[in-house]
Amino acid sequence: MNIAHLLPGTAKFPLTKHNGRYEWALRLARIQAQAGHQVTIYAAAGSRDDESNITWESIPVKSGDKRQDNLQLIRMALGDHSQDIF
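It should be emphasised that the depicted structure is a prediction, and the values quoted were computed from it without experimental measurement.

### A word on the pattern of salt bridges
Here is step 1: Considering all chains together, one arrives at 4 salt bridges under this definition.
Here is step 2: In this structure, Glu23 engages Arg27 in a salt bridge whose closest nitrogen and oxygen atoms are separated by 3.6 Å. Highlighted residues: Glu23 and Arg27, both in helix α1 (residues 20-34), separated by 4 residues, approximately one helical turn.
Here is step 3: With its nearest N and O atoms 3.2 Å apart, the salt bridge here joins Arg48 to Asp50.
Here is step 4: On the accessibility criterion, Arg48 (45% relative accessible area) is partly exposed.
Here is step 5: What emerges from the salt-bridge pattern is a single network uniting Arg30, Asp49 and Glu51.

### Examining the packing of aromatic side chains
Here is step 1: Under the counting rule described, the total for this entry stands at 1 aromatic pair.
Here is step 2: Between Phe13 and Trp56 the ring centres are 5.3 Å apart and the planes differ by 40°, which places this aromatic pair in the tilted class. Taken together, the residues span a long stretch of sequence, with Phe13 in the loop between β1 (2-6) and α1 and Trp56 in strand β3 (residues 54-57) at a distance of 43 residues. Across the pair, exposure class does not vary: Phe13 and Trp56 are buried alike.

### A word on the side chain of His5
Here is step 1: Tracing the backbone through its elements, the reader meets His5 in strand β1.
Here is step 2: Owing to a relative accessible area of 10%, His5 belongs among the buried residues under this scheme.
Here is step 3: Looking at His5, its side chain comes within polar contact range of the side chain of Gln32, at 2.6 Å.
Here is step 4: Aside from chain neighbours lying at most four places away, what touches His5 is Ala25, Leu28, Ala29, Gln32, Val39, Thr40, Ile41 and Tyr42.

### Observations concerning the nonpolar core
Where a protein is soluble and globular, its nonpolar side chains tend to be buried together.
Here is step 1: Counting 13 residues, the largest nonpolar core has Leu7, Phe13, Leu26, Ile41, Ile54 and Trp56 as the members making the most contacts within it.
Here is step 2: Of all elements in the fold, only α1, β2 (38-42) and β3 reach the threshold of two or more residues within this core.
Here is step 3: With 5 residues, α1 is the largest single contributor of residues to this core.
Here is step 4: Tyr42, Ile59, Leu73 and Ala77 belong to the second largest nonpolar core, which has 5 residues in total.

### Description of the environment of Gln83
Here is step 1: The topology assignment puts Gln83 in the segment after α2 (66-79).
Here is step 2: A relative accessible area of 12% means that Gln83 is categorised as buried.
Here is step 3: Along the sequence, Gln83 and Ala43 sit 40 residues apart, while their C-alpha atoms lie 16 Å from each other.
Here is step 4: Apart from the residues lying within four places of it in its own chain, the contact partners of Gln83 are Asn2, Ile3, Ala4, Thr40 and Tyr42.
Here is step 5: A distance of 3.5 Å separates polar atoms of two side chains, one belonging to Gln83 and the other to Thr40.

What counts and how
- Residues numbered from 1 in each chain as written.
- Predicted model: local features only at pLDDT ≥ 70, side-chain atom pairs only at ≥ 80, totals over all residues.
- Heavy atoms only, no water.
- Salt bridge = Lys/Arg side-chain N within 4 Å of Asp/Glu carboxyl O.
- Helix = DSSP H or I, 4+ residues; strand = E, 2+ residues; numbered from the N terminus.
- Buried < 20%, exposed > 50% of the residue type's maximum accessible area, 1.4 Å probe, protein only.
- Phe/Tyr/Trp six-rings, centres within 6.5 Å; stacked < 30°, edge-to-face > 60°.
- Polar contact = N/O pair within 3.5 Å; in protein donor to acceptor, adjacent residues only side chain to side chain.
- Contact = heavy atoms within 4.5 Å.
- Core = buried A, V, L, I, M, F, W, Y, C linked by side-chain atoms within 4.5 Å.

So, to be careful, I would describe these as geometric facts and stop short of saying anything about function.
In structure tokens form, the structure reads like this:
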């Protein structure tokens, strides 16, 4: 199954400080990847996780407007028709 997690465009992994709101999403994605699912996380550019086989996607250029950047990230995620579940 192809699973996508959508986070704000400001959420960059690895996290520089503890943020439980976003940490849970990475933990869940790791469990899903270990179970054999194809997992994609939509988050800030430069995000990565060396512990798992997760695909990371982000918007190519930020506008500086958080709302517009998040809308662009949402459109990108919803436009990816290979995902089975969000």
